[in-house]
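Take a look at the letters that make up each chain.
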Amino acid sequence: DTAVSQTPKYLVTQMGNDKSIKCEQNLGHDTMYWYKQDSKKFLKIMFSYNNKELIINETVPNRFSPKSPDKAHLNLHINSLELGDSAVYFCASSRGGNYNSPLHFGNGTRLTVT
Amino acid sequence: DQQVKQNSPSLSVQEGRISILNCDYTNSMFDYFLWYKKYPAEGPTFLISISSIKDKNEDGRFTVFLNKSAKHLSLHIVPSQPGDSAVYFCAAGSNYKLTFGKGTLLTVNP
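Note that the structure is predicted; figures quoted are calculated from it, not measured.

Colleague: Sorry if this is basic, but what is going on with the overall build of chain B here?
Modeller: Assigned secondary structure in chain B consists of 0 helices and 11 strands. When the helices and strands of chain B are placed in sequence order, the string is β-β-β-β-β-β-β-β-β-β-β. Here the C-alpha atoms of chain B give a radius of gyration of 13 Å, agreeing with the 13 Å that 2.2 N^0.38 yields for 110 residues. When the backbone C-alpha atoms are referred to their principal axes, chain B occupies close to 40 × 30 × 20 Å. Taking all 110 residues of chain B together, the buried fraction comes to 45%. Of the roughly 5,300 Å² of accessible surface on chain B, 48% is carried by carbon and sulfur atoms. In chain B, which carries 11 positive and 9 negative side-chain charges, the distance between the mean positions of the two groups comes to 4 Å.

Structure below.
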């Protein structure tokens, strides 16, 4: 049973296209996240939702729009893709947001923009 | 501005010996700290955590030490096993937001 699953695993697309990445968790967690791991290997938070409400929105271009239809899902839609968007995107979930509730990550989506 | 730094990109140890991974942070607002392990093509998996009110937490072969005055934490793995070979990320958090270090690649040689 996959706890946090994201699809697709690989995504290759051209500049200017619009794409979506889906994420689902079956852990019963109330908080979900999107992280980006860039070419320098840093994992940086992009968004966080708690009970379907946006609670963290880092300085991410408006082309990135998260959507949380329910507590178990957090999708990421990206408009007008750019070369610099190439990265690995990780979805994660937790129960609350403290050290007692570590993040559970999906296996990542490698996005390549050509 | 790196708020969480792992200054050693890699570490190699012999099986059975101790592995010590280090992490420094700059933001005194962080109130909890975690270590994650990551294998290639997988997401990071939680290893161990510590609250800022403690200075040590132990779980089996893994121990995390926190020195708040020095803004430094370390992960000790004893004894190290080949299956421990992975990238280890240090993370510091407050209020739903985790800030990660760049990771240290640990290689445990048989």
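Still more to cover.
Colleague: Help me out: how do you make sense of unusual backbone geometry in this one?
Modeller: Most peptide bonds are trans, and most residues other than glycine sit at a negative phi. A cis amide bond links A:Thr7 with the next residue in sequence, A:Pro8, at an omega value of 0°. Positionally, A:Pro8 belongs in the loop between β1 (4-7) and β2 (10-13). A positive phi angle is found at B:Ala41, which is not glycine, with a value near 65°. Here B:Ala41 is to be found in the loop between β4 (32-38) and β5 (45-51).

Colleague: I would appreciate a short explanation of the sheet that holds strand β7 (residues 62-67) of chain B in the present structure.
Modeller: Sheets are built from strands that pair by backbone hydrogen bonding, the pairs being arranged parallel or antiparallel. All names here are of chain B. The strand order β1-β3-β8-β7-β6 describes an open sheet built from 5 strands, whose pairing is antiparallel. Strand pairing shows two members of the sheet lacking a second neighbour, β1 (4-5) and β6 (56-59), which therefore form its edges. Examined bridge by bridge, strand β3 (residues 19-25) and strand β8 (residues 72-77) share 6 bridges and lie antiparallel to one another. Bridging across to β8, Cys23 finds its partner in Leu73.

Colleague: What is the right way to look at the pairing of β1(A) in this model?
Modeller: Sheet faces and side chains relate simply in a regular strand, where the side chains alternate between the two faces. Residue and element names in this part refer to chain A. Going residue by residue along β1, you find Val4 and Gln6 tucked away on one face and Ser5 and Thr7 left uncovered on the opposite face. When β1 meets strand β3 (residues 19-25), the two strands line up antiparallel, connected through 4 bridges. Bridge assignment links Ser5 to a residue of β3, and that residue is Glu24.

Colleague: Help me out: how do you make sense of the nonpolar core in this one?
Modeller: General note: in soluble globular proteins, nonpolar side chains tend to be found buried as a group. All names here are of chain B. Judged by nonpolar contacts, the single largest core of 23 residues is most densely connected at Phe33, Trp35, Leu73, Leu75 and Tyr88. Looking at this core, the element that brings in the most residues is strand β9 (residues 86-94), giving 4 residues. Those residues within four positions of Tyr88 in sequence are excluded, and the remaining contacts are Gln6, Leu21, Trp35, Tyr36, Lys37, Leu47, Leu75, Ile77, Gly103, Thr104 and Leu106.

Colleague: What is the right way to read the state of the cysteines from this model?
Modeller: Chemically, a disulfide is nothing more than a covalent bond linking the sulfur atoms of two cysteines. Residue and element names in this part refer to chain A. On inspection of all chains with the given rule, the structure shows 2 disulfides over all chains. In this model Cys23 forms its disulfide with Cys91; the gap between the sulfur atoms is 1.8 Å. Sign of the S-S torsion, about -75° for the bond between Cys23 and Cys91, identifies this disulfide as left-handed. In this pair, Cys23 sits in strand β3 while Cys91 sits in strand β9 (residues 87-94), placing the two residues 68 residues apart along the sequence.

Colleague: Any chance you could explain the interface of chain B and chain A here in plain terms?
Modeller: Where interface size is quoted, it is often the accessible area lost as the parts come together. Between chain B and chain A, the residue contacts involve 21 residues of the former and 24 residues of the latter. Between chain B and chain A the total buried area reaches about 1,900 Å² when both faces are included, carbon and sulfur atoms providing 66% of it. Among the residues of chain B in contact with chain A, B:Tyr96, B:Phe100 and B:Lys102 are the three that bury the most area, contributing 34% of the side total. We note a salt bridge from A:Glu58 to B:Lys97, for which the minimum N-O separation is 3.0 Å. For the pair chain B and chain A, the number of links is 5 residue pairs in polar contact (both at pLDDT 80 or more). Those elements that provide at least two residues to the side of chain B that touches chain A are β4, β5 and β10 (97-100) of chain B.

Colleague: Help me understand the sheet that holds strand β8 (residues 73-78) of chain A in this model?
Modeller: Residue and element names in this part refer to chain A. Taken together, 4 strands build an open sheet; the order of strands is β1-β3-β8-β7 and the sheet is antiparallel. Each edge of the open sheet carries a strand with a single partner, namely β1 and β7 (64-70). Within the sheet, the average angular offset between the axes of one strand and its neighbour, ignoring direction, is 15°. Sheet topology note: the β7/β8 ladder contains 5 bridges and is antiparallel. Note that in β8 the partner of Pro66 across the bridge is Leu76.

Definitions and limits used
- Per chain, residues are indexed from 1 in the order of the written sequence.
- Chains and ligands are labelled by the order in which they are written, letters from A for the one and numbers from 1 for the other.
- Residues qualify for local features only when their pLDDT is at least 70, as the model is predicted, and side-chain atom pairs are given and counted only at 80 or more; totals for whole chains, interfaces and linings, by contrast, use all residues.
- Just so you know, side-chain values use all the structure's heavy atoms and leave hydrogens and water out.
- Secondary structure follows DSSP: runs of H or I at least 4 residues long count as helices, runs of E at least 2 residues long count as strands, and numbering of each begins at the N terminus.
- Here the globule rule reads 2.2 Å times residues to the power 0.38, and the radius of gyration is calculated from C-alpha atoms.
- Only protein chains enter the area calculation, which uses a 1.4 Å probe; residues under 20% of their type maximum are buried, those over 50% are exposed, and those in between are partly exposed.
- In this description, accessible areas are obtained by the Shrake-Rupley approach with a 1.4 Å probe, and a residue is regarded as covered only by the protein chains that are shown.
- Charge counting treats Lys and Arg as positive and Asp and Glu as negative, with His and both chain ends excluded.
- The atoms used to mark charge sites are NZ of Lys, CZ of Arg, CG of Asp and CD of Glu.
- Two strands qualify as a pair provided DSSP detects at least 2 bridges between them.
- Think of a nonpolar core as a cluster: buried Ala, Val, Leu, Ile, Met, Phe, Trp, Tyr and Cys residues, connected wherever their side-chain atoms sit within 4.5 Å.
- Any two residues having at least one pair of non-hydrogen atoms within 4.5 Å are treated as being in contact.
- Disulfide: a pair of cysteine sulfur atoms within 2.5 Å of each other.
- The quantity reported as buried area is the accessible area (1.4 Å probe) lost by two parts once they are put together, taken as the sum for both.
- A carboxyl oxygen of Asp or Glu within 4 Å of a side-chain nitrogen of Lys or Arg is what we treat as a salt bridge.
- Polar contact criterion, stated in full: a pair of N or O atoms within 3.5 Å, where within protein one must be able to donate a hydrogen and the other to accept it, and residues adjacent in sequence count only if both atoms are side-chain atoms.
- Axis definition: a line fit to C-alpha positions, over the contact stretch in the case of helices; interaxial angles, taken between N-to-C directions, run 0 to 180 degrees.

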